Amino acid sequence: MAHESGEDSDDAIGAAEYVLRATVRLEPEASDLRAEPDSFETVLYKTAAPPGTDGWRFFRDNCWRGELNDPEYLRRETEDALGVAVDEISFQELQTDEAYLDALRSAIAADLDAFNADSVSEVLSKYLGSSIRVES
């Protein structure tokens, strides 16, 4: 996971990133310019918000069984963020360390009703499927 670690309170929470794969298309505005290839696949890393903070439920709002639940919406959002055409986008995995995963499990357990589930394991399976990779 490509992130900086410092000596602050976030260290106890750990770090995680959502990994997305996108097909980007270049559309030069100049008539005398072309790109080859004009589309290519790239990997995007979205920093996961610390559990319990604004945006921490990204997985609930955007994933279902390890896939994007509304790829068209996230495709448009990614186009806006990158400033280039995005033809396709898919969710690959949540890359996390043990500390973040523990904090995520605790935050989920404290709010199971928001996930319409009976257990933390059920929540993680429902939304992320088997797409969680724990790194040291």
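What counts as what
Residues numbered from 1 in each chain as written. Predicted model: local features only at pLDDT ≥ 70, side-chain atom pairs only at ≥ 80, totals over all residues. Heavy atoms only, no water. Salt bridge = Lys/Arg side-chain N within 4 Å of Asp/Glu carboxyl O. Buried < 20%, exposed > 50% of the residue type's maximum accessible area, 1.4 Å probe, protein only. Helix = DSSP H or I, 4+ residues; strand = E, 2+ residues; numbered from the N terminus. Expected span 1.5 Å × (residues − 1). Arc of directions from axis to C-beta. Contact = heavy atoms within 4.5 Å. pLDDT = per-residue confidence, 0-100. Pairing = 2+ DSSP bridges. Axes fitted to C-alpha atoms, helices over the stretch in contact; angles between N-to-C directions. Parallel < 35°, antiparallel > 145°, perpendicular 65-115°, else oblique. Nonpolar A, V, L, I, M, F, W, Y, C, P; charged D, E, K, R; others polar.

**Looking at the pattern of salt bridges**
Okay, so step 1: Counted by the stated rule, this structure contains 12 salt bridges.
Okay, so step 2: Linking D61 and R60 is a salt bridge whose minimum nitrogen-to-oxygen distance equals 3.0 Å.
Okay, so step 3: The class for D61 is partly exposed, based on a relative accessible area of 42%.
Okay, so step 4: For R60, a relative accessible area of 23% puts it in the partly exposed group.
Okay, so step 5: Connected via shared salt-bridge partners are E72, R75, R76 and E79.

**Side note on helix α2 (residues 71–82)**
Okay, so step 1: Between the first and last C-alpha of α2 there are 16 Å, a value that for 12 residues agrees with the 16 Å anticipated at 1.5 Å per step.
Okay, so step 2: Taken as a whole, α2 has its buried residues at L74, R75 and T78. One face of α2 carries all of its buried residues, which in axial projection span an arc of 105 degrees.
Okay, so step 3: Its buried side turned inward, α2 meets β1 (16–25), β2 (39–47), α1 (58–62), β4 (67–68) and β5 (85–96).
Okay, so step 4: Phi turns positive one or two residues past the end of α2, at G83, with a value near 75 degrees.

**Some remarks on helix α4 (residues 120–128)**
Okay, so step 1: Those residues of α4 that fall on the buried side of the exposure criterion are V120, V123, L124, K126, Y127 and L128. Axial view of α4: buried residues confined to an arc of 165 degrees, hence all on one face.
Okay, so step 2: At its buried positions, α4 is contacted by α1, β3 (63–64), β5, α3 (98–109) and β6 (132–134).
Okay, so step 3: Within two residues after α4, G129 carries a phi angle of roughly 60 degrees, on the positive side.

**Quick notes on the confidence of the model for the protein chain**
Okay, so step 1: Across the protein chain, pLDDT averages 92, with 92% of residues at or above 70.
Okay, so step 2: Contacts for the low-pLDDT stretch residues 2–9, under 50 throughout, to residues beyond four places or in other chains number 3 contacts.

**Topic: the sheet that holds β2**
Okay, so step 1: Ordered in space as β2-β1-β5-β6, the 4 strands form an open sheet in which the pairing is mixed. Every other strand in the sheet has two partners, leaving β2 and β6 as the edge strands with one partner each. Mean inter-strand twist for the sheet, computed between neighbouring axes without regard to direction, equals 30 degrees.
Okay, so step 2: Direction of pairing for β1 relative to β5: antiparallel, over a ladder of 10 bridges. Across the sheet, the residue bridging to V19 is E93, located in β5.
Okay, so step 3: Sheet contacts for α2: β1, β2 and β5; angle to β5, the most-contacted strand, approximately 100 degrees.

**Quick notes on the packing of α3 against α4**
Okay, so step 1: Close contact between α3 and α4 brings their axes to 9 Å; oriented N to C, the two are set at 105 degrees. When the axis of α3 is compared with that of α4, the two are roughly perpendicular. Where α3 approaches α4, its residues L104, R105, I108 and A109 are matched on the opposing element by V120, V123 and L124.
Okay, so step 2: Classifying every residue of the contact of α3 with α4 by side-chain character gives 6 nonpolar, no polar and 1 charged.

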